[in-house]
Amino acid sequence: ADGYVYIAGNTTSNNLPVTLNVFDNTFNGYGSDPYEIGDVFIAKFTYDLGEPVACTYLGGSAAEHLHTMILAPDGSIILAGSTNSADFPWSPGAYDSTLAVGGTYGLDVFVTKLDADLQNLLGATFIGGTAEDFAEAVAIGLDGVIYVGGWTSSANYPKIYGAQMYYGGGSFDGFISKISADFT
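Reading the values: the criteria
What you see as residue numbers is a count from 1 along each chain, following the sequence as written. For this predicted model, a pLDDT threshold of at least 70 governs which residues receive local features, and a threshold of 80 or more governs which side-chain atom pairs are given and counted, while totals over whole chains, interfaces and linings are taken from all residues. The basis for the side-chain values is all heavy atoms of the structure; hydrogens and waters are excluded. Counting from the N terminus, the helices are the DSSP runs of H or I reaching at least four residues and the strands are the DSSP runs of E reaching at least two. Each residue gets one of three labels from its accessible area relative to the maximum for its type: buried under 20%, exposed over 50%, partly exposed in between, using a 1.4 Å probe on protein chains only. Values of accessible area rely on a 1.4 Å probe in the Shrake-Rupley scheme; residue burial ignores everything except the protein chains shown. Summary of the metric used: pLDDT quantifies the predictor's per-residue confidence within the range 0 to 100. A patch consists of residues whose relative accessible area exceeds 30% and which take part in no salt bridge; residues with like charges are grouped when within 9 Å of each other, and nonpolar side chains (Val, Leu, Ile, Met, Phe, Trp, Tyr) when within 5 Å. Counted as salt bridges are all cases of a side-chain nitrogen of Lys or Arg within 4 Å of a carboxyl oxygen of Asp or Glu. Put simply, a nonpolar core is a bunch of buried Ala, Val, Leu, Ile, Met, Phe, Trp, Tyr and Cys residues held in one set by side-chain atoms that sit within 4.5 Å of each other. Any two residues whose heavy atoms approach within 4.5 Å are treated as being in contact. When DSSP finds two or more bridges between two strands, those strands count as paired. Whenever a helix is involved, its axis is fitted only over the stretch in contact; in every case the axis is a line through C-alpha atoms, and angles between N-to-C directions fall within 0 to 180 degrees. In this scheme Phe, Tyr and Trp rings, the latter by its six-membered ring, pair at centre separations within 6.5 Å, and the angle between planes marks the pair as stacked below 30 degrees, edge-to-face above 60, and tilted otherwise. By definition here, charges over rings are those cases where NZ of Lys or CZ of Arg is within 6 Å of the ring centre and within 35 degrees of the ring normal.

## Digging into the overall build of the protein
Thinking step 1. When helices and strands are counted, the protein shows 0 helices and 10 strands.
Thinking step 2. If you list the helices and strands of the protein from N to C, you get β-β-β-β-β-β-β-β-β-β.
Thinking step 3. Going through the 184 residues of the protein one by one, you find that 48% of them count as buried.
Thinking step 4. Only carbon and sulfur atoms are counted for the fraction: they give 54% of the accessible area of the protein, which is about 8,800 Å².

Structure follows, in structure tokens:
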């Protein structure tokens with residue numbers, strides 16, 4: 001957006017070239033096994049991909065796994081993935097501010113919105129049940145509503161007025177979740 005290139009992913013590095021005045025300049029993902037180690041990183045570059053204009057971490061004290069990112073029309077960045085960090089940063093009034101512990105790795109979906117300068121958390125929430133939940137796709141509607149698609153093994157994954165109101169069984173079910181623009 002506006003001539004900038006955004007790159008995001010997963011890292012176990014505690015020495016990324018984070019910049020001043022960003023959302024989080026500290027690596028937090030020091031867990032005890034591979035599904036408990038790592039943070040998300042987001043970097044903003046000029047079109048020539050020189051030094052980062054902004055670079056930040058995103059995560060709590062366990063692990064985050066980024067699976068998808070989209071730039072919103074207002075220039076903000078929306079990210080979605082999975083986390084097992086109970087202290088993952090969420091926004092006041094969020095739809096869900098509590099990690100639903102369960103499953104082998106205790107992973108819930110996270111959805112986060114940062115401003116274009118990677119300085120401010122504009123919204124963040126957990127979504128999930130008591131087993132494993134993974135976000136794989138994110139989209140934004142014209143009205144600012146956020147749609148997240150993925151898969152779950154949680155029989156109690158949150159659902160309202162869905163085409164399938166019950167967990168179908170097997171290893172995983174797919175889901176599409178709709179989140180209001182203000183993350184409530």
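## Quick look at the confidence of the model for the protein
Thinking step 1. For the protein, the average pLDDT comes to 89, and 91% of its residues sit at 70 or higher.
Thinking step 2. Taking the mean pLDDT of every element in the protein, the minimum, 87, falls on strand S10 (residues 173-179) and the maximum, 97, on strand S3 (residues 54-58).

## Considerations on a nonpolar patch on the surface
Thinking step 1. Where nonpolar side chains cluster on the molecular surface, the patch consists of Val5, Ile7 and Leu49 and spans about 220 Å² of accessible area.
Thinking step 2. Tracing the backbone shows Val5 in strand S1 (residues 4-11).
Thinking step 3. On the basis of relative accessible area, Val5 is assigned to the partly exposed category, the value being 30%.

## Thoughts on the nonpolar core
Thinking step 1. Counting residues in hydrophobic clusters, the biggest one holds 15 residues, and the most contacted among them are Val40, Ile42, Leu58, Leu79, Phe110 and Leu118.
Thinking step 2. The set of elements that each furnish at least two residues to this core consists of strand S2 (39-46), S3, strand S5 (77-83) and strand S6 (108-114).
Thinking step 3. Here Ile42 is in contact with Ile7, Ala8, Ala54, Cys55, Thr56, Leu58, Leu79, Leu114 and Leu118, once residues within four sequence places are set aside.
Thinking step 4. In this structure, Ala80, Ile127, Val148 and Phe175 belong to the second largest nonpolar core, which totals 14 residues.

## Focus: the sheet that holds S5
Two strands in a sheet stick together by hydrogen bonds in their backbones, pointing the same way (parallel) or opposite ways (antiparallel).
Thinking step 1. One open sheet accounts for 4 strands, arranged S4-S5-S6-S7; its pairing is antiparallel. Strands at the two margins of the open sheet, each flanked by one partner only, are strand S4 (64-71) and strand S7 (121-127). Averaged over neighbouring strand pairs, the angle between their axes works out to 15 degrees when direction is ignored.
Thinking step 2. The pairing of S5 with S6 spans 7 bridges and is classified as antiparallel. When the bridges of S6 are listed, Leu79 appears paired with Thr112.

## Let's talk about the packing of aromatic side chains
Thinking step 1. A full pass over the atoms with the stated rule returns 5 aromatic pairs.
Thinking step 2. Each ring, one from Phe27 and one from Tyr57, has its centre 5.8 Å from the other, and the planes form 70 degrees; the classification is edge-to-face. With Phe27 in the loop between S1 and S2 and Tyr57 in strand S3, the pair connects residues that are 30 residues apart, well separated along the chain. Like Phe27, the residue Tyr57 is buried in the burial classification.
Thinking step 3. Seen in terms of ring centroids, Phe88 and Phe126 are 6.2 Å apart; in terms of plane orientation they differ by 55 degrees. Their pairing is tilted. Separated by 38 residues along the polypeptide, Phe88 in the loop between S5 and S6 and Phe126 in strand S7 bring together distant segments of the chain. Residue Phe88 shares its accessibility class with Phe126, and that shared class is buried.
Thinking step 4. One aromatic cluster is present, formed by Phe27, Tyr30 and Tyr57 through successive ring pairs.
Thinking step 5. The ring of Tyr4 carries Lys44 above its face, with NZ or CZ at 4.2 Å from the centroid.

## Description of unusual backbone geometry
Thinking step 1. The backbone of Leu118 shows a phi angle near 60 degrees, a positive value even though the residue is not glycine.
Thinking step 2. Residue class for Leu118 comes out buried when judged on its relative accessible area of 0%.
Thinking step 3. One non-glycine residue, Phe183, lies in the positive phi region at around 65 degrees.
Thinking step 4. Locating Phe183 in the fold gives a position in the segment after S10.
Thinking step 5. With relative accessibility at 0%, the residue Phe183 sits in the buried group.

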